[in-house]
Amino acid sequence: MLLIRQSRILLPDREFFIGDVLIEAGKIVRIASEISDADVSTIIDATGLTLLPGAIDPQVHFREPGLEHKEDLYTASRACAKGGVTSFLEMPNTRPLTTTQAALDDKLQRAAQKCLVNYGFFIGATPENLPDLLTATPTCGTKIFMGSMHGPLLVSVEEQLEPIFAKGKRLIAVHAEDQQRISDRKKQFASITDPAIHSQIQDEQAALNATKLALKLSKKYRRRLHILHLSTGIEAEFLREDKPSWVTAEVTPQHLLLNTEAYAKMGTLAQMNPPLRSPENNDILWKALLDGVIDFIATDHAPHTLEEKAQGYPNTPSGMPGVETSLPLMLTQAMQGRCSVAQVSNWMSGAVAKGYKIPNKGAIAPGYDADLVLVDLDAYRPVLREELQTKCGWSPFEGWNLTGWPVVTIVGGQVVYDRGKFNTEVRGKALSFEE
Ligand code: DOR
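Keep in mind the model is a prediction, meaning the values are calculated, not measured.

Chemist: Mind laying out the overall build of the protein, listing which residues take part and the relevant values?
Modeler: Looking only at helices and strands, the protein has 14 helices and 19 strands in total. Its C-alpha atoms give the protein a radius of gyration of 21 Å, near enough to 22 Å, the size a compact globule of 435 residues would have. For the protein, the C-alpha atoms occupy an extent of roughly 70 × 45 × 40 Å along the three principal directions. Evaluated residue by residue, the protein yields a buried proportion of 61% over its 435 residues. Long-range contacts, defined as pairs at least 24 residues apart, comprise 73% of the intrachain contacts of the protein with a sequence gap of at least 6. A total of about 16,200 Å² of accessible surface is found on the protein, and carbon and sulfur atoms cover 50% of it. Positive and negative side-chain charges in the protein, numbering 45 and 52 respectively, have mean positions lying 3 Å apart.

Okay, structure coming up:
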């Protein structure tokens, strides 16, 4: 049994309560002002710290199998543990692509062997693999790249998208960018090597076109739809007017906190898909998040090596890492008054568990899984390259002075990270997803 003493506990009613939490067999069993430590094997004195449900990151690219020079499930899950991310949902653009049951099984097996936190995997849609999409299990959902494709992972035209929306019930998560428009604009701007052109090539209209098409098909079939990494104000305003109850959307910390000004400072490190937008978009996305138009936060952790990022636009890969900075980034925003700590926790845990129907996660209450993070909301520390766990070894937020850093991270009742030290014996579990 594990006892967490005297932390400031975020309860499901969004109120804080100072007290003890008792954990047994991986579950939270009791919360009270004071709990006896008889039979307890481990006690954590958490005085002055805040206890939150572990973050669930619903969009990451962990590169294994096939691209392990960028990241692997062990290094990525260490980064998760350090960042207070106790569960993740991983994308299918690995090598081989996760488009079959066999590829999904392989990932699950690898994760069982080396992941320090809990895991779930998407199955990727191609124009040909509808039978696989219908039967693959267990999976958090079907991922469709409508644009910014990875080889055969591209389903961009309505005639190919429609059967995927028409058949089956599983959640469909879309990377909403209009591939035809991107291809046309790539030709138009082909001579330009300034990475800032990336946001012009894959422009706001490209994002809006695809979001509109996905929404149209979701409405036609009443099919559960999740819009990944919403990047533009025009999409948010569109959803504000027309968002059925079965549709959810997410935003990344980088689309909230970075914008096109980042290209001048970071060059191709700021290159991602969908691209960073103008500062005005940051504000509209924030408002949509606060108003509930956007449901949760994902990092789109997409590591590439510094060498790959140095190749020069347009030969550089898109993407940036994020799992070990997302929680402190958002908690810093809360401490600076932009939102509340309870909202951050909901966007990064409770709402994700609800959206993906992951049972017993996302709240601190008896019967829930003991996936927890103790954070220090009172100490500011900068993001330092030398402290990063991600194999790619850089962060777009280096130098940012943040609070809310995880002090202790607990997965399934086991301490996996404690003040800079890892327990590398801990293994996460495969997540389950209710129908
Ligand atoms: O910038 C991105 N990079 N966006 C994605 O959706 C994919 C990702 C990657 O895998 O590198």
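Chemist: Before we move on, could you go through the side chain of His198 and cite the residues and values that matter?
Modeler: Mapped onto the fold, His198 is located in helix H6 (residues 198–201). Apart from the residues within four sequence positions on either side, His198 is in contact with Tyr263, Gln271, Met272, Asn273, Pro275, Tyr313 and Ser318.

Chemist: Tell me about the packing of aromatic side chains, residues and numbers included.
Modeler: By the definition in use, this model includes 7 aromatic pairs. With a centroid separation of 4.6 Å and an interplanar angle of 65°, the aromatic rings of Phe62 and Phe88 are classed as edge-to-face. One end of the pair, Phe62, is in the loop between strand S6 (55–60) and helix H1 (73–83); the other, Phe88, is in strand S7 (residues 85–90), and 26 residues separate them in sequence. The same class applies to Phe62 as to Phe88, namely buried. Taken together, a centroid distance of 6.1 Å and an interplanar angle of 35° make the contact between Tyr119 and Phe121 tilted. For the pair Tyr119 and Phe121, one class covers both residues: buried. By way of ring pairs, the aromatic residues Phe62, Phe88, Tyr119 and Phe121 are connected into one cluster. The ring of Phe16 is capped by Arg8, whose NZ or CZ atom sits 3.8 Å from the centre of that ring. Positioned above the aromatic ring of Phe145 is the side chain of Lys143, whose terminal nitrogen or guanidinium carbon lies 3.6 Å from the ring centre.

Chemist: I'd love a proper account of the packing of helix H13 (residues 326–335) against helix H14 (residues 341–355), names of residues and values included.
Modeler: Look at H13 against H14: their axes get within 8 Å of each other, and the N-to-C directions meet at 150°. One element, H13, and the other, H14, form an angle in the roughly antiparallel class. When you trace H13 past H14, the crossing you get is right-handed. For the pair H13 and H14, contact is made by Ser326, Leu327, Met330, Leu331, Ala334 and Met335 and by Val341, Val344, Trp347 and Met348, respectively. Class assignment of the residues belonging to the contact of H13 with H14 gives a composition of 9 nonpolar, 1 polar and no charged.

Chemist: Explain the site of the ligand to me, using residue names and the numbers behind them.
Modeler: Every one of the 13 residues lining the ligand counts as a neighbour, but Arg63, Asn93, Asn273, His304 and Ser318 are closest to it. One of the side-chain N or O atoms of Arg63 is found 2.8 Å from an oxygen atom in the ligand. Between a nitrogen atom of the ligand and a side-chain N or O atom of Asp300, the distance comes to 3.5 Å. Within the complex, 98% of the 290 Å² of free accessible area of the ligand lies under protein. Mapping the ligand onto the cavity grids shows that it belongs to the largest pocket. The residue makeup of the shell around the ligand, split by class, is 2 nonpolar, 9 polar and 2 charged.

Chemist: Before we move on, could you go through the sheet that holds strand S10 (residues 172–175) and cite the residues and values that matter?
Modeler: Read across the sheet, 8 strands follow the order S6-S7-S8-S9-S10-S11-S12-S13 without closing on themselves; strand pairing throughout is parallel. Unpaired on one side and paired on the other, S6 and strand S13 (296–297) mark the two borders of the sheet. Inspection of the sheet shows S10 paired to strand S11 (residues 225–227) by 3 bridges, in the parallel sense. Looking at the pairing, Val174 lines up with Ile227 of S11. Strand contacts of helix H7 (residues 204–221): S10, S11 and strand S12 (247–251), with the helix running at about 165° to S11, the strand carrying the most contacts.

Chemist: Which residues make up the packing of H1 against helix H2 (residues 101–114), and what values go with them?
Modeler: Packing of H1 against H2 leaves a shortest axis separation of 9 Å and a crossing angle of 60°. Classified by the angle between their axes, H1 and H2 sit oblique to one another. As H1 packs across H2, the resulting crossing turns out to be right-handed. Contacts between H1 and H2 involve Leu73, Tyr74 and Ser77 from the first element and Lys107, Arg110, Ala111 and Lys114 from the second.

Chemist: Before we move on, can you summarise the pattern of salt bridges with the specific residues and values?
Modeler: Close approach of charged atoms lets side chains of opposite charge pair. Scanning the entire structure with this criterion turns up 26 salt bridges. With a shortest N-O distance of 2.7 Å, Lys27 and Asp369 are connected by a salt bridge. Highlighted residues: Lys27 in strand S3 (residues 27–32) and Asp369 in the loop between H14 and strand S14 (372–376), separated in sequence by 342 residues.

Chemist: I'd like a rundown of the state of the cysteines, residues and numbers included.
Modeler: Under the criterion given, the structure shown has 0 disulfides. Of all cysteine sulfurs in the structure, the one in Cys80 sits closest to Cys115, which takes part in no disulfide; the separation is 7.4 Å. With a relative accessible area of 0%, Cys115 lands in the buried category.

Chemist: Provide a residue-level description of the environment of Glu68, including the pertinent values.
Modeler: Looking at the secondary structure, you find Glu68 in the loop between S6 and H1. In the structure, Glu68 is positioned 26 residues away from Thr94 in sequence and 9.4 Å away in space, judged by C-alpha atoms. Those residues within four positions of Glu68 in sequence are excluded, and the remaining contacts are Arg63, Arg110 and Lys391.

Parameters at a glance
Residues numbered from 1 in each chain as written. Predicted model: local features only at pLDDT ≥ 70, side-chain atom pairs only at ≥ 80, totals over all residues. Heavy atoms only, no water. Helix = DSSP H or I, 4+ residues; strand = E, 2+ residues; numbered from the N terminus. Rg over C-alpha atoms; globule rule 2.2 N^0.38 Å. Buried < 20%, exposed > 50% of the residue type's maximum accessible area, 1.4 Å probe, protein only. Contact = heavy atoms within 4.5 Å. Areas by Shrake-Rupley, 256 points an atom, 1.4 Å probe, with all protein chains shown as cover. Lys, Arg positive; Asp, Glu negative; His and termini not counted. Charge placed at Lys NZ, Arg CZ, Asp CG, Glu CD. Phe/Tyr/Trp six-rings, centres within 6.5 Å; stacked < 30°, edge-to-face > 60°. Lys NZ or Arg CZ within 6 Å of the ring centre and 35° of its normal. Axes fitted to C-alpha atoms, helices over the stretch in contact; angles between N-to-C directions. Parallel < 35°, antiparallel > 145°, perpendicular 65-115°, else oblique. Left-handed = near helix turned anticlockwise from the far one by under 90°. Nonpolar A, V, L, I, M, F, W, Y, C, P; charged D, E, K, R; others polar. Near = heavy atom within 4 Å. Polar contact = N/O pair within 3.5 Å; in protein donor to acceptor, adjacent residues only side chain to side chain. 1 Å grid on protein atoms, 1.4 Å probe; cavity = no way out; pocket = protein on both sides within 12 Å on 5 of 7 lines; lining within 4 Å. Sits in = over half its atoms within 2 Å of the grid points. Pairing = 2+ DSSP bridges. Salt bridge = Lys/Arg side-chain N within 4 Å of Asp/Glu carboxyl O. Disulfide = S-S within 2.5 Å.

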